[in-house]
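Below are the chains, spelled out letter by letter.
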Amino acid sequence: MKILFINGSPEHDGNTARLARTMLEGRDYETVQLGDLKVYDYGQHFADDQFDEVLAKMNAADVLVFGSPVYWHDLSGMLRNLLDRCYGPVPEGGFAGKRVALLFQGAAPTPAMLERGNYTLSRFAGLYGAEYLGMATNNREARDLARKL
């Protein structure tokens, strides 16, 4: 099983990455640090855009674990942008057979904030035919989510 953790935080070793380590403990996985890449906005076209590289890694993985801190009451812009960029290049049902999970944490998120992130990823998975495993916001939930892998 090939697992890809897509870190939507600019911090390589921040809370989002630590939550991923908890969830994926004992498993081999690759990390994509979105903060280190140039993935431009939907509709922009620049020669140094790295979206295709990220999409190739997503296509090669069996499990996609998306991670984001809660920024401005929702997913980070980097992660949101990546999800937006999939619209078009990924056909409906294009991630069939894959499993998707969300690691979403913040200092004091409200239930409404967490619900928005969970809704977005569940809809993303549904559109592209993937199985949505759920969301974890803390270490206990991350360990529970790991059992679904």
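Residues numbered from 1 in each chain as written. Predicted model: local features only at pLDDT ≥ 70, side-chain atom pairs only at ≥ 80, totals over all residues. Heavy atoms only, no water.

Undergrad: Would you explain the sheet that holds strand β5 (residues 131-136) in this entry?
TA: In any sheet, the strands associate via hydrogen bonds between backbone groups, in a parallel or an antiparallel arrangement. Within the open sheet, the five strands sit side by side as β2-β1-β3-β4-β5. Their pairing is parallel. Each having just a single partner strand, β2 (29-33) and β5 make up the two edges of the open sheet. On average, each strand axis in the sheet is tilted by 20 degrees relative to the strand beside it, whichever way the strands run. Sheet analysis places strand β1 (residues 3-7) next to strand β3 (residues 63-69), joined by five bridges and oriented parallel. Residue pairing in the sheet places Leu4 in a bridge with Leu64 of β3. Where helix α4 (residues 111-127) meets the sheet, its contacts fall on β3, β4 (99-105) and β5, and the angle it forms with β4 comes to roughly 165 degrees. Along the sheet face, helix α5 (residues 139-146) touches β4 and β5 and points at about 160 degrees away from the line of β5. (Pairing = 2+ DSSP bridges. Helix = DSSP H or I, 4+ residues; strand = E, 2+ residues; numbered from the N terminus. Axes fitted to C-alpha atoms, helices over the stretch in contact; angles between N-to-C directions. Contact = heavy atoms within 4.5 Å.)

Undergrad: Looking at this model, I keep getting lost on helix α3 (residues 77-86). Mind explaining?
TA: Residues that lie three or four places apart on an α-helix share one face, since the helix turns once every 3.6 residues. Within α3, burial applies to Leu79, Asn81, Leu82, Leu83, Arg85 and Cys86. Check the buried side of α3 and you find it contacts β1, α2 (51-60), β3 and α4. (Buried < 20%, exposed > 50% of the residue type's maximum accessible area, 1.4 Å probe, protein only.)

Undergrad: What should I look at first to understand the pairing of β1 in this one?
TA: Put simply, side chains in a regular strand alternate between the two faces of the sheet. In terms of residue burial, β1 counts as a mostly covered element, since five of its five residues are buried. Along β1, one buried face is formed by Ile3, Phe5 and Asn7 and the opposite face, lined by Leu4 and Ile6, is buried too. As defined by bridge partners, β1 adjoins β2 across five bridges and the pair is classed as parallel. Of the residues in β2, the one forming a bridge with Ile3 is Tyr29. Handedness of the β-α-β unit built from β1, helix α1 (residues 15-23) and β2 comes out right-handed. (Right-handed = clockwise from strand over helix to strand, strands pointing away.)

Undergrad: Help me understand the packing of α2 against α3, please; the structure alone is not making it clear to me.
TA: The packing of two helices is summarised by the inter-axis angle and the distance between the axes. Closest axis-to-axis distance for the α2/α3 pair is 11 Å, and the angle between their directions is 80 degrees. Comparing the axis directions of α2 and α3 gives the class roughly perpendicular. Every residue of α3 that contacts α2 at Phe51, Val54 and Met58 is listed here: Leu82, Arg85 and Cys86. Across the contact of α2 with α3, the residue classes break down as five nonpolar, no polar and one charged. (Parallel < 35°, antiparallel > 145°, perpendicular 65-115°, else oblique. Nonpolar A, V, L, I, M, F, W, Y, C, P; charged D, E, K, R; others polar.)

Note that every value here comes from positions in space, so none of it alone points to a role or purpose.
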